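Close look at the chain arrangement
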Amino acid sequence: MTRQLDYLAKPLRMGSNAALAAMAIGLIAGCSGAGSASGTVSAAPAPTPTPTPSAPPTTTAAQFAAQMAPGWNLGNLLEAIGNAPAPATASQETAWGNPVVSQALLKSVAAAGFKSIRIPVSWKQYADADDRIASAWFDRVAQVVDQARQAGLIVIINVHWDGGWLQPTYADQAAANARLKSFWTQIATRFRDYDDRLLFAGTNEVMVKDNYNAPTAENCAVQNGFNKVFVDAVRATGGGNANRYLVVQGYNTNIDHTIACNASLPSDNVVGRMMMEVHYYDPYDFALNEKSAIWQWGAAATDQKAVQAWANEQYVDATFQKMKVTFADRGIPVILGEYGAIAKTEYDPTQKYRTEWDRYVTRSAVQHGMVPIYWDNGPTGNHTLGLFDRTTGQTVHTTIVKTIVEAAK
């Protein structure tokens, strides 16, 4: 997710259609807003073996991506933005209401059958006026990455919304390119000797602030430039990054806008090591809008007033087929970096329709050459997306978890 009411409820922005324009609610943050800054992280993970530099990959990007499904997002944690003045000297990861990540949680995610984890990360709030990221924050991010790797998960880290400075306009291009290059040079250097089970994703849901319309030629050109800056910065650091799998994003991670804007990937000095990322939350009123009485979905719907038939099973398949033809069939794996539907237990206490949506979207994604990575923002109650208790690590929505894992096979 990107911005939600500036940054207050990070999880809910979607990369789908015009329904985004209706997003003006703080419904899935699990807290009242950005909140106060969190304290210093105290829990340390078990020692991790020193990562070794990666040899040139022997598998294609498509073969590697096949090992990643299904995936799970550690949302609303390392990308959480608090109220501490920049550069923050203490981790802000609990500012959106989630507890510090535990090894038990990540082991539970892996034991449930998830193969990969996407870890959204904020960097700017920990950087000084010259965009130098604090070493203590690098240590904390590496700590969580190592915990996830210890659990056996393939890891993706990114530059998430991060305050909204990645605006795809000519007016903002030079400054944004400079910061993006600086950040990725630092990030890639810190993680240079990690093997291929760590992937880098350059950005998240880049769009002109509050504008969900189709991108202009200017927007496309600048956003494609961001992808190129990211790739070149990482490759220039050498070591394991010379061949690392990299994930670039489509415009606002919207599938139609991605195909219009980003069908041509940035040039790379290594062949076949790039993936494309999009997100999916259609129909918005069912998947994310807690105020909507749309609570049924798909062919099993029984009440026409409770369903939006346009985004049914056929729509899912047709939409994902576009990504298959444009990318997967060309050997470019597609990361479905976020998807999910909130609980609406006031209408559907058994979560029948939510579970079926998760099942169908997951299965269709895999069938169309995509890696589905479920968006979990933490809270597990009504109108939320969380699947695991982040305090205990225990699975809360067992049926949904099992459904996703089975559908990805």
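Residues numbered from 1 in each chain as written. Predicted model: local features only at pLDDT ≥ 70, side-chain atom pairs only at ≥ 80, totals over all residues. Heavy atoms only, no water.

Things to note about the sheet that holds strand β1 (residues 71–73)
The test is simple: Strands pair, by our definition, only if DSSP identifies at least two bridges between them. Put simply, DSSP H or I for four residues or longer makes a helix, DSSP E for two residues or longer makes a strand, and each gets a number counted from the N terminus. Axis definition: a line fitted to C-alpha atoms, over the contacting stretch in the case of helices. Angles run 0 to 180 degrees between N-to-C directions. Between two residues, a contact is recorded if the distance between any of their heavy atoms is within 4.5 Å.
One closed barrel holds the 8 strands; their spatial order is β1-β2-β3-β4-β5-β6-β7-β8, and the pairing between them is parallel. Taking each pair of neighbouring strands and ignoring which way they run, the sheet shows an average axis angle of 30 degrees. Where strand β3 (residues 154–158) lies against strand β4 (residues 198–201), 4 bridges are found, and the strand directions are parallel. The residue bridging Val155 from the neighbouring strand is Leu198, located in β4. Its contacts with the sheet place helix α6 (residues 255–262) against β5 (246–249) and β6 (274–280), and it is angled at close to 145 degrees to β6.

Topic: the confidence of the model for the protein chain
Test applied: By definition, pLDDT measures how confident the predictor is in each residue, and it falls between 0 and 100.
Mean pLDDT over the protein chain works out to 89, with 86% of the residues at or above the 70 mark. The spread of mean pLDDT over the elements of the protein chain runs between helix α1 (residues 61–65), the lowest at 94, and strand β8 (residues 370–374), the highest at 99. Under a pLDDT of 50 for its full length, residues 2–54 has, in the predicted model, 174 contacts with residues more than four places off or in other chains.

Here's the deal with the state of the cysteines
Quick note on the threshold: Note on terminology: disulfide denotes any pair of cysteine sulfur atoms within 2.5 Å. Burial classes follow relative accessibility: with a 1.4 Å probe on protein chains only, a residue under 20% of its type's maximum area counts as buried, one over 50% as exposed, and anything between as partly exposed.
Taken as a whole and judged by the stated rule, the model has 1 disulfide. Between the sulfur atoms of Cys220 and its disulfide partner Cys261 the distance amounts to 1.7 Å. Measuring handedness by torsion sign, the sulfur bridge of Cys220 and Cys261 sits at about -85 degrees and is left-handed. Residue Cys220 is located in helix α5 (residues 217–236), and its partner Cys261 is located in helix α6; the two are separated by 41 residues in the primary sequence. Taking relative accessible area as the criterion, Cys261 reaches 9% and is therefore assigned buried.

Concerning the environment of Tyr339
Spelled out, the test is: Within 3.5 Å is the distance limit for a polar contact, defined as a pair of N or O atoms, with the added protein rule that one can donate a hydrogen and the other accept it, and that residues adjacent in sequence qualify only through two side-chain atoms.
If you trace the backbone, Tyr339 turns up in strand β7 (residues 334–339). Measuring from C-alpha to C-alpha, the distance between Tyr339 and Val278 comes to 9.4 Å, with 61 residues separating the pair along the chain. Those residues in contact with Tyr339, other than ones at most four positions away along the chain, are Tyr280, Tyr281, Trp357, Asp358, Val361, Thr362, Pro372, Ile373, Tyr374, Trp375 and Ile404. Side-chain polar atoms of Tyr339 contact the side chain of Thr362, separated by 2.7 Å.

What about the pairing of β6?
Heads up, the rule is: The handedness of a crossover follows from its direction of travel: if, with the strands pointing away from the viewer, the path from the first strand over the helix to the second runs clockwise, the crossover is right-handed.
β6 sits mainly inside the fold: 7 of its 7 residues count as buried. Here β6 shows a buried face lined by Met274, Met276, Val278 and Tyr280 and a second buried face lined by Met275, Glu277 and His279. Relative to β6, β5 is paired through 4 bridges, and the arrangement is parallel. Bridging from a neighbouring strand, Val248 pairs with Met276 of β6. Crossover β5 to β6 through α6 is right-handed. When β6 meets β7, the two strands line up parallel, connected through 5 bridges. Opposite His279, over in β7, you have Glu338 as the bridge partner.

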